[in-house]
Number of protein chains: 2
Amino acid sequence: MSLQPPRGTRDFMPADMIRRQYIFQTVKNVFENFGFNPLETPAFESWSILSKKGGAGEEVKDEIYYFKDKSDRELGLRFDLTAPMSRVVAANPQLPKPFKRYQIGRVWRYDRPQAGRFREFWQADVDILGSSKMDADVECLVVAVKSLEALGFKNFIIRINNRKILDSMIKKVGINNSFEVFRSLDKLEKIGEKGVTKELISKGVSKKEVNSLMDMIKMKGSASDMLKKGRKMLKSDGFEELDQVVSLSKQYGIDKYIVVDFSLVRGLDYYTGPVFEVFVKEFENIGSITAGGRYDNLVKNYGGRDTPAVGISLGIERIYEIMSSKKMFKLPSINTQLFVVAVNDAVRNDVIKICQKLRDAGVNTELDLSGRNFKKQLEYADALGISYVLIVGEKELKSKKFPLKDMKKREQKELTLDQIVKKF
Amino acid sequence: MSLQPPRGTRDFMPADMIRRQYIFQTVKNVFENFGFNPLETPAFESWSILSKKGGAGEEVKDEIYYFKDKSDRELGLRFDLTAPMSRVVAANPQLPKPFKRYQIGRVWRYDRPQAGRFREFWQADVDILGSSKMDADVECLVVAVKSLEALGFKNFIIRINNRKILDSMIKKVGINNSFEVFRSLDKLEKIGEKGVTKELISKGVSKKEVNSLMDMIKMKGSASDMLKKGRKMLKSDGFEELDQVVSLSKQYGIDKYIVVDFSLVRGLDYYTGPVFEVFVKEFENIGSITAGGRYDNLVKNYGGRDTPAVGISLGIERIYEIMSSKKMFKLPSINTQLFVVAVNDAVRNDVIKICQKLRDAGVNTELDLSGRNFKKQLEYADALGISYVLIVGEKELKSKKFPLKDMKKREQKELTLDQIVKKF
């Protein structure tokens, strides 16, 4: 019997969990600061719900945890938080719009596990449902930037494109099947221009068509430059949207991060308008740590009302990984602040009383539960990484002054209980 | 395609989630106050791990979500938080002991869904691993009481027994298979004395044996009474443990809640010492809302070192249900505190600036994302249940005083932004 967690999953020990809880709490605060509220959905969904967003069909079963329950219901562990939310919004047309929800939780994909890639991982999503205005798209971007800033990151790159522009480009060069082109273009970074060209040709696109498309999407420049160039080349509502995104971003002071990139696709084929990826400049090589876009058809696809929608997803694992490796967490490895040592058995009841007094005052306090002697209690507190130890013996009980030992600095002070409460 | 969540599972809309998050945060604070730290484990475990605690074998597969992954690994969604934690502790012998961890999360059981019973539900557990002293057992009880008090409950009943006492009683009347007797006795409340008697006889226990056993476990009385009576009847280490639990409970002021009940079994067969159930007196009829006990063999069963252990589990669903039906939540239905209304399109950029100022000051603030007019913006804020609305027009921007409208009291005051920040 292996004692390891199942392949692709992880256990999180307390020191790790304290860091992860810090990330969750920090982004939650930012989400709520912007008027997003929490939604929760089950860990698994009907296969019919999952397949609707997966888009394609049976082959998606190979990429998720698919199973049947005892009544032969087809189920699957959720592979993202967008599909379940879209189901909820479709099922609840009475919700005032825009419906702004956040959800932080685990999702599962049956990927090949590799460095930084897991079968069980956490996402933190905000979505705005019911507004077709670019104000919603920009708010998502601002929330992403503010969340990352709150975690200690600065200087970002927001790569942005619009599906409508890509669509117009594809049509302009004379290609009909834009879905398949999206899929190939999405691999640009992975397999390069040559690879994409080869793949598109194999899909029946002519070399000439591919080349004209490549010329268009490869253009680089500032947002205003790209808009000017793009508009000269072709007509698309996407430019108007892009224009608005840039100009609204100015109001929030995040326009300086925007880079228009006509080659950006964002793999999933349900996007309908702006798509974006947020990078931390310093860690650009690691890839985007937040991404999203507009998907105006999804809720309708679920049988709901016509509901324009936009959202972003923070990649918790990547954030956690960078913050850990760059030592960005300024957190204790344990939430326990104080250990109260009983010098001998005679004072144990007094130690309980003192502990409870400190706990009631909000100090996270621990005491010996194992009948250990003085030295062993100190060793335990030290092994746990508790920063302070309070020593209680008959003498101290009489004088009402207790030595408070700083375990890192290896120094101690005599304090009354009230002084100790004040200190923490 | 049904838009309902899968059978036995639920969606939680924002107002519900705010309440559930409040419960999670409240008990988390109490857990940490007592020196417990967070652990997280995957949603699913190897079948070999789950079956080890399930105890029995193949039939457990019918009671859980069991499935195979693409590599034919046998997996199952966790049915509690104790089995995964025991695996982690067995796999990490280096952890300083006692290891005090909490875990709040979902578990899954393939039960028949019924009122208040779900296939996906949440538990909040604290466990202490590595101490055989009753100090640990009592700490678990204190944490349970303090958690429930923090949520607004008062006056409890702690039903307590000890497996060693039950074991001695069973042996004394001459029965050998205590496991099977535990299983039957556990149904006492459900099928009554007659039902249990019948079942035990069908299992091969003689009528006389059953009757003597029933006489013993039916005794009622105060803790000291029960201890006296019990000790007269038979010898058991369980009495000494019970004695210590009662006397340590006095130090924490929770002895007044203790009721010794020799008929208490706690179904699962891995308990080895004290077992307990905590009831809120006012809601005694609803059943226990917290329960646990000592299980000294579980970590060893997982192949780990000999690790005495005790823990409790708070039944989040039952707590949530009672608090909801008794209107115990004093919480807003939305975390958004303020909606800033743009009187017309000319002031929209100013509204963004004001919003950001308020957000940066920590006020959870929303603004119009849909290009709506004044009236529609107010209606939206009202529909969401946001308590305050701030009105921004050219006049207000000039005077730097803004009407803040209390949406419940239907009254308004003119305030500067600084005054508004101070108010929230």
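Residues numbered from 1 in each chain as written. Chains lettered and ligands numbered in written order. Predicted model: local features only at pLDDT ≥ 70, side-chain atom pairs only at ≥ 80, totals over all residues.

1. Examining the overall build of chain A
(1) Moving on: Looking only at helices and strands, one finds 16 helices and 16 strands in chain A.
(2) Moving on: Scaling as 2.2 N^0.38, a compact globule of 424 residues should have a C-alpha radius of gyration of about 22 Å, whereas chain A reaches 27 Å, well beyond that.
(3) Moving on: Along the first, second and third principal axes, the C-alpha set of chain A runs to 90 × 55 × 45 Å.
(4) Moving on: In chain A, which comprises 424 residues, the share counted as buried stands at 46%.
(5) Moving on: Put simply, 68% of the contacts in chain A that link residues at least 6 apart link residues at least 24 apart. (Helix = DSSP H or I, 4+ residues; strand = E, 2+ residues; numbered from the N terminus. Rg over C-alpha atoms; globule rule 2.2 N^0.38 Å. Buried ≥ 20, exposed ≤ 12 C-beta atoms within 10 Å, placed from the backbone. Contact = placed C-beta atoms within 7 Å.)

2. Regarding the nonpolar core
(1) Moving on: Within the largest apolar cluster, 200 residues are counted, with the highest numbers of intra-cluster contacts made by C140, V143 and A144 of chain A together with C140, V143 and A144 of chain B.
(2) Moving on: Once you skip the residues sitting within four places of it in the chain, A144 of chain A turns out to touch V278, T290, I312 and L314 of chain A. (Core = buried A, V, L, I, M, F, W, Y, C linked by C-beta atoms within 7 Å.)

3. Re the interface of chain A and chain B
(1) Moving on: Contact with chain A, which involves 74 residues of that partner, is made by 74 residues of chain B.
(2) Moving on: For the side of chain A that touches chain B, the element with the highest residue contribution is helix α1 (residues 14-33) of chain A, accounting for six residues.

4. Overview of the sheet that holds strand β7 (residues 156-162) of chain A
Residues and elements named next belong to chain A.
(1) Moving on: With mixed pairing, eight strands are arranged side by side in an open sheet as β1-β5-β6-β11-β10-β9-β7-β8. Sheet topology places β1 (37-38) and β8 (258-260) at the edges, where each strand pairs with a single neighbour.
(2) Moving on: On top of the sheet, helix α3 (residues 82-91) reaches β5 (99-108), β6 (120-129) and β11 (309-315); it is set at about 40° to β6, its chief contact.
(3) Moving on: This element, helix α12 (residues 316-325), spans β6 and β11 of the sheet and lies at about 35° to β11. (Pairing = 2+ DSSP bridges. Axes fitted to C-alpha atoms, helices over the stretch in contact; angles between N-to-C directions.)

5. Regarding the sheet that holds strand β3 (residues 66-68) of chain B
Residues and elements named next belong to chain B.
(1) Moving on: Taken in spatial order, the three strands of this open sheet run β2-β4-β3, and their pairing is antiparallel. Either end of the sheet is taken by a strand with one partner, and the two such strands are β2 (44-46) and β3. Along the sheet, successive strands turn relative to each other by an average axial angle of 35°, direction set aside.
(2) Moving on: Direction of pairing for β2 relative to strand β4 (residues 74-77): antiparallel, over a ladder of three bridges. Each residue of the ladder has a partner; that of S46, found in β4, is L75.

6. Overview of the relation of the copies chain A and chain B
(1) Moving on: The two copies are related by a screw operation: chain A maps onto chain B through 180° of rotation and 0.0 Å of translation along the axis, at an RMSD of 0.1 Å. Both copies are brought into coincidence by an operation consistent with a two-fold rotation axis. Considering only C-alpha atoms, the part of chain A nearest the rotation axis is F67 of chain A, at 3.0 Å.
(2) Moving on: Of the interface residues in chain A, 100% have counterparts in chain B that sit at the interface too, so the contact is made through matching surfaces. (Least-squares fit on C-alpha atoms with pLDDT ≥ 70 in both.)

7. Some remarks on the pairing of strand β11 (residues 309-315) of chain B
All names here are of chain B.
(1) Moving on: Within β11, seven of the seven residues are buried, which leaves it mostly tucked inside the rest of the structure.
(2) Moving on: Pairing of strand β6 (residues 120-129) with β11, which is carried by seven bridges, proceeds in the antiparallel orientation. Pairing of D127 across the sheet is with G311, part of β11.
(3) Moving on: Pairing of strand β10 (residues 290-294) with β11, which is carried by five bridges, proceeds in the antiparallel orientation. Across the sheet, the residue bridging to A291 is S313, located in β11.

8. Re the pairing of strand β15 (residues 402-406) of chain A
All names here are of chain A.
(1) Moving on: Where strand β14 (residues 388-392) and β15 come together, three bridges link them in antiparallel fashion. Pairing of V389 across the sheet is with K405, part of β15.
(2) Moving on: Sheet topology places β15 next to strand β16 (residues 411-415); five bridges connect them, and they run antiparallel. Within β16, the position partnered with F402 by the bridge is L415.
(3) Moving on: Joining the antiparallel neighbours β15 and β16 is a turn of four residues, in which R410 adopts a positive phi near 55°.

9. Here we look at the packing of α1 of chain A against α12 of chain A
Residue and element names in this part refer to chain A.
(1) Moving on: Relative orientation of the contacting elements α1 and α12 amounts to 120°, with a least axis distance of 11 Å. Relative to α12, the element α1 lies oblique. When the axes of α1 and α12 are compared, the crossing they make is right-handed. On α12, the residues that touch R19, R20 and I23 of α1 are I316, I319 and Y320. (Parallel < 35°, antiparallel > 145°, perpendicular 65-115°, else oblique. Left-handed = near helix turned anticlockwise from the far one by under 90°.)

10. Regarding α1 of chain A
Residues and elements named next belong to chain A.
(1) Moving on: With 20 residues, α1 ought to run about 28 Å at 1.5 Å a step, and its terminal C-alpha atoms sit 28 Å apart, in line with that.
(2) Moving on: Within α1 the residues assigned to the buried category are P14, M17, I23, V27, V30, F31 and N33.
(3) Moving on: Two residues or fewer past α1, G35 is found with a positive phi of approximately 85°. (Expected span 1.5 Å × (residues − 1).)

11. Overview of the domain arrangement of chain A
(1) Moving on: For chain A, the assigned domains are domain 1 (14-325) and domain 2 (338-423).
(2) Moving on: Between the C-alpha centres of domain 1 of chain A and domain 2 of chain A there is a distance of 51 Å. (Domains from an automatic or database assignment.)

12. Some remarks on the packing of helix α9 (residues 223-233) of chain B against helix α10 (residues 237-252) of chain B
All names here are of chain B.
(1) Moving on: Running from N to C, α9 and α10 point in directions that differ by 165°, and their axes come no closer than 11 Å. Looking at the two axes, α9 sits roughly antiparallel to α10. Considering only the axes of α9 and α10, their crossing is left-handed. In this structure, α9 contributes A223, L227, G230 and R231 to the contact, and α10 contributes F239, L242, D243 and V246.
(2) Moving on: Looking at side-chain class alone, the contact of α9 with α10 contains five nonpolar, one polar and two charged residues. (Nonpolar A, V, L, I, M, F, W, Y, C, P; charged D, E, K, R; others polar.)

13. Brief notes about the environment of S51 of chain B
All names here are of chain B.
(1) Moving on: Among the structural elements, S51 can be located in helix α2 (residues 47-54).
(2) Moving on: Owing to 21 C-beta atoms within 10 Å, S51 belongs among the buried residues under this scheme.
(3) Moving on: Expressed as a C-alpha distance, the spacing of S51 and Q419, which sit 368 residues apart in the sequence, is 61 Å.

14. Regarding unusual backbone geometry
(1) Moving on: Following K97 of chain A, the chain continues to P98 of chain A via a peptide bond in cis, the omega torsion being -5°.
(2) Moving on: With respect to the secondary-structure elements, P98 of chain A resides in the loop between α3 and β5.
(3) Moving on: Its identity as a non-glycine residue notwithstanding, K327 of chain B has a phi of 55°, on the positive side.
(4) Moving on: In this structure, K400 of chain B is a non-glycine residue whose phi angle is positive, near 60°.
(5) Moving on: Secondary-structure assignment places K400 of chain B in the loop between α15 (394-399) and β15 (402-406).

15. Quick word on helix α14 (residues 374-384) of chain A
All names here are of chain A.
(1) Moving on: By the burial criterion, the buried members of α14 are Q377, Y380, A381 and L384. Buried positions in α14, seen along its axis, are confined to an arc of 95° and lie on one side of it. α14 presents K375 and A383 as exposed residues on the side facing more than 90 degrees away from its buried surface.
(2) Moving on: The secondary structure elements touched by the buried residues of α14 are β12 (338-342) and β14.
(3) Moving on: Backbone geometry just after α14 places G385 at a positive phi near 85°. (Arc of directions from axis to C-beta.)

16. Side note on the environment of K405 of chain A
Residue and element names in this part refer to chain A.
(1) Moving on: Counting through the fold element by element, K405 comes out in strand β15.
(2) Moving on: Of the residues examined, K405 has 19 C-beta atoms within 10 Å and is grouped as partly exposed.
(3) Moving on: Taking the C-alpha atoms as reference, K405 lies 44 Å from M1; in sequence the two are 404 residues apart.
(4) Moving on: Among all residues touching K405, those that are not within four sequence positions of it are Y388, V389, I391 and Q412.

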